[in-house]
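# Structural description and commentary
The primary structure of each chain is shown beneath.
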Amino acid sequence: MRAFRYIRHMVMGALCGLFITGGIAHAQKVIRIGAPLELTGKFVIYGSQGQRGLEMAVEAFAGTVAGHRIEVLLRDIQSTNQGAVSAMTDLLEKEKVDFLIGPIASGLVSAAVPAWRQRKPLWIVPGASALSFEEAIAGESMVFHTYAWGYGYHTGPANALAAAFGKGKKVAIIYSDGAYGRSHLPDARKHYTEAGFQIVATELVRENAADMNPALQKIRLTKPDVLVALMQTTDGIVVAKQIHVAKLGIPILVGSAFPQFQTWVDAVGEAANGWITAVAYLAGQAVPADPKYPRIFPAAKDWEAAFTKKYNREPELIDAMVYTSAAMLFLAIDRAGGGDKERVAKELRNLGVETIMGEGKFVPTPGGAVNQAFNEMFVIQRQGDKIVTVWPKARSNGQFKPIQ
Amino acid sequence: MTLLPQFLLDALLLGGLYCLMAVGLALCFGVTRIINFAHGEMIMFGAYGAFLLSVHFGIDPLLSLPLVALGVALIGFLVFKLCVQRVLDAPHVNQILLLFGVGLILQNIAVLIFTGDERSVTTAYSLASDQFFGMMVAYGRLIAFAVSIGLTVGLIVWLRISEMGRAIQAVAQQRDAAKLMGINVTAMYMVSFMVSAALGSATGAAMSFLLTITPFMGFHILIKGFAIVVLGGLGSVGGTLIAAFVLAFVETGVSYYVPEGGGWAEGVALAVLLMVLILRPRGFLGQAVDN
């Protein structure tokens, strides 16, 4: 009897051992995703949205993909080039990750390219609209870019305005002297000229300038029909307020990206009225769920409701963009059956899903990017409290209203 | 010529804003001989204070200014007691590094509390303007100018006529002599640091309806303020006043009269600073600071 008990204990012990070992083995099956993001510093707004998008995506997969636990290795790049390089080097050389998401800001992503080249992991880039980045990653099959290129901010509004108001109108451009404004300027000039507009003034302002009125007063003298502002949201707030106060009498105001953000609207109040911009995502649009993966890619209203419930705020562009990008990566890992980056890359290229950002399908671009998704943008105008989609016609729910 | 009246007005109003940015910094250096590299964060907290009181309690930034100044003066008190007091006699580089670090910590505290979202207060007057004699007068900027001049004049008067103000001036002129006269030097340092922080927060409150509020707004303002203080003469409130207007007129002039001058304005202003420092190293009204 005693021997039996002893044997029973031995067996139980062995089983427990097996269970624990199995547990450890199971815990060791981890997919590690490196996420170098702007968690502090001047682009913290991008990084915090990116972090929320990632959290939502991990939750959508209940933290597991293809039987592997998803482990996100967040690294703060402090919104600096040096921080981006250090974080990438740490993730690639020390952590040996095969998958990366981020950073978001163009300059920081470009700074991270040489570090990425050391091992060339699969890199999802949900931002970086600068064409210099498109040139830098031309022909690179392991880079997956999931945001429209910078020219999208100009082709859409230029064509839409030409269709609505005819050709030959006068355009003035005000741009900030940082990388953002300078990188957008040639594209804005090119696409407005090609759409039949005449560029009558180009005025430069310093980033974080306290007074943009001199530039605005010089623009007033040229009597433009359209004013295009190429700057980040921080300067977009100041310029919108100062344009409103200066009573320039320009009927059409176009912003590079900032007019889509609710934070900008809250900051400028009634000065937001009439501004036009191109957007890749806007909360409140009627976008259906993906028929095959409705839990991962739900209808926009359901995803936005879940987001609002979790974070007590409406999602913004980067929340949605990083969620969609990460969810597509996780789905590709799932379909590849694990973390082999070549197989995951192949699955990503084969994906075709309906997402809150539009059709999630990677295609090459004429500029040389091998894997590009979500390059389509639509044009909106803020009309009082409403946002009206004015272009393309197939998607529009209203018409341009010039500012009185 | 068409732009001349507008140029003069814009330069004047910008000068007022610059004056407010720098006067607190000038006071702090004049008395303690410490360059407060966390001054930008005092401005930032002032701006957030005005924003929060406006959004949550509907209090106008101008009315909330005393409350905000009091709150940030308390932050100044804590920074002084916990950090500055320990390095009063340390080398300048230690003081600068410490306060730079304090500034970074305050920035990140602001990120945690307020997030990185850009904000700005919107009041009726901040978006209002009228045309007078061919000039477009922005009421928001005019009000900020009035606040700036009021606070700067108030500071000068307080330093001249109040007992504490005179004690602070005595400490600024000769610390050891002031101590021999029975003045509590450390207490005067603390009061100047707190008043400097309060002035910084007033700057933030006055700018909360003009500019964009972010946790990182302070650094650019600090750099500008520092340039003005150096140009005016380290420690001289009067010199700071003159330098603020000189810099504002140079920058605005370049912006108006040079093609794409907005990009050159700051560079030209800093070149002026360099020239003044070569010809007159003490700045406009500065005192010797070799000790």
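The residue numbering used here restarts from 1 in each chain and proceeds along that chain's sequence as written. Whichever chain is written first is A, and whichever ligand is written first is 1; the rest continue in order. Residue-level local features of this predicted model are given only where pLDDT is at least 70; pairs of side-chain atoms are given and counted only at 80 or more, and the full residue set underlies all totals for whole chains, interfaces and linings. Side-chain measures here rest on the full set of heavy atoms in the structure, leaving out hydrogens and waters.

This next bit is on the pairing of strand β1 (residues 30-37) of chain A. All names here are of chain A. Residue burial is assigned from relative accessible area. The probe radius is 1.4 Å, only protein chains are included, and a residue is buried under 20% of its type maximum, exposed over 50%, and partly exposed in between. Segments assigned H or I by DSSP are reported as helices when at least four residues long, segments assigned E as strands when at least two residues long, and all are numbered from the N terminus. Buried residues dominate β1, accounting for 7 of its 8 residues. Examined bridge by bridge, β1 and strand β4 (residues 99-101) share 2 bridges and lie parallel to one another. Counterpart to Gly34 in the pairing with β4 is Leu100. Following DSSP output, two strands are said to pair if at least two bridges run between them.

This paragraph deals with the side chain of Thr152 of chain B. Within the secondary structure, Thr152 of chain B sits in helix α5 (residues 139-161). When sequence neighbours within four positions are dropped, the list of residues in contact with Thr152 of chain B reads Cys19, Val23 and Leu241 of chain B. Contacts: residue pairs with any heavy atoms within 4.5 Å of one another.

Accessible area lost when the parts come together is the quantity often used to give the size of an interface. Contact residues are listed per partner, giving 38 residues for chain A and 38 residues for chain B. Together chain A and chain B conceal approximately 3100 Å² of surface at their shared face, both sides included; 56% is due to carbon and sulfur atoms. Any Lys or Arg side-chain nitrogen found within 4 Å of a carboxyl oxygen on Asp or Glu counts as a salt bridge. Along the contact surface separating chain A from chain B lie 2 salt bridges. Linking Arg206 of chain A and Glu266 of chain B is a salt bridge whose minimum nitrogen-to-oxygen distance equals 2.8 Å. In the analysis that follows, any N or O atom pair within 3.5 Å is treated as a polar contact, provided that within protein one partner can donate a hydrogen and the other can accept it, and provided that, for residues neighboring in sequence, both atoms belong to side chains. Put simply, chain A and chain B have 16 residue pairs in polar contact (both at pLDDT 80 or more) between them. Every element with two or more residues in the side of chain A that touches chain B is listed here: α2 (44-60), β8 (198-205), α8 (213-221), α9 (233-246) and α10 (262-268) of chain A. A total of 9 residues in the side of chain A that touches chain B trace back to one element, the largest contributor, which is α9 of chain A. Here the side of chain A that touches chain B is built from residues that sort into 15 nonpolar, 12 polar and 11 charged. Here's the idea: put two parts together, see how much 1.4 Å probe accessible area each one loses, and the total over both is what we call buried area. For this classification, Asp, Glu, Lys and Arg are treated as charged, while Ala, Val, Leu, Ile, Met, Phe, Trp, Tyr, Cys and Pro are nonpolar and the rest, including Gly, are polar.

Looking now at the packing of helix α1 (residues 4-32) of chain B against helix α8 (residues 185-207) of chain B. All names here are of chain B. Direction vectors running N to C along α1 and α8 enclose 170°, while the axes themselves pass 9 Å from each other. Considering their axes alone, α1 and α8 lie roughly antiparallel with respect to each other. Two secondary-structure elements touch here, α1 through Leu17, Leu20, Met21, Val23, Gly24, Leu25, Leu27, Cys28, Val31 and Thr32 and α8 through Met188, Tyr189, Ser192, Phe193, Val195, Ser196, Leu199, Ala202, Thr203, Ala206 and Met207. Only the contacting stretch of a helix is used when fitting its axis, a line to C-alpha atoms as for every element, and angles between N-to-C directions run 0 to 180 degrees. Note on terminology: angles under 35 degrees are roughly parallel, angles over 145 are roughly antiparallel, angles of 65 to 115 are roughly perpendicular, and the others are oblique.

This part is about the layout of surface pockets. Residue and element names in this part refer to chain A. Lining residues are those with an atom within 4 Å of a point, where the points come from a 1 Å grid over the protein atoms alone and group into cavities, where a 1.4 Å probe fits but cannot get out, or pockets, open sets with protein on both sides within 12 Å along at least five of seven lines. Grid points are joined across faces, edges and corners, and a volume is the space filled by probe spheres set on the points. As a volume, the second largest pocket reaches approximately 740 Å³. What lines the second largest pocket is a set of 35 residues, among which Asn375, Glu376, Met377, Phe378 and Arg395 lie closest to the centre. Counting only elements with at least two residues in the lining of the second largest pocket, the list comes to α6 (152-165), α11 (300-311), β13 (358-360) and β16 (386-391). A per-element tally of the lining of the second largest pocket places α6 first, with 4 residues. Those domain boundaries reflect an automatic or database domain assignment. In terms of domain composition, the lining of the second largest pocket takes at least three residues from each of domain 1 (1-148 + 283-373) and domain 2 (152-279 + 377-395).

Function cannot be read off these values alone, since they describe shape.
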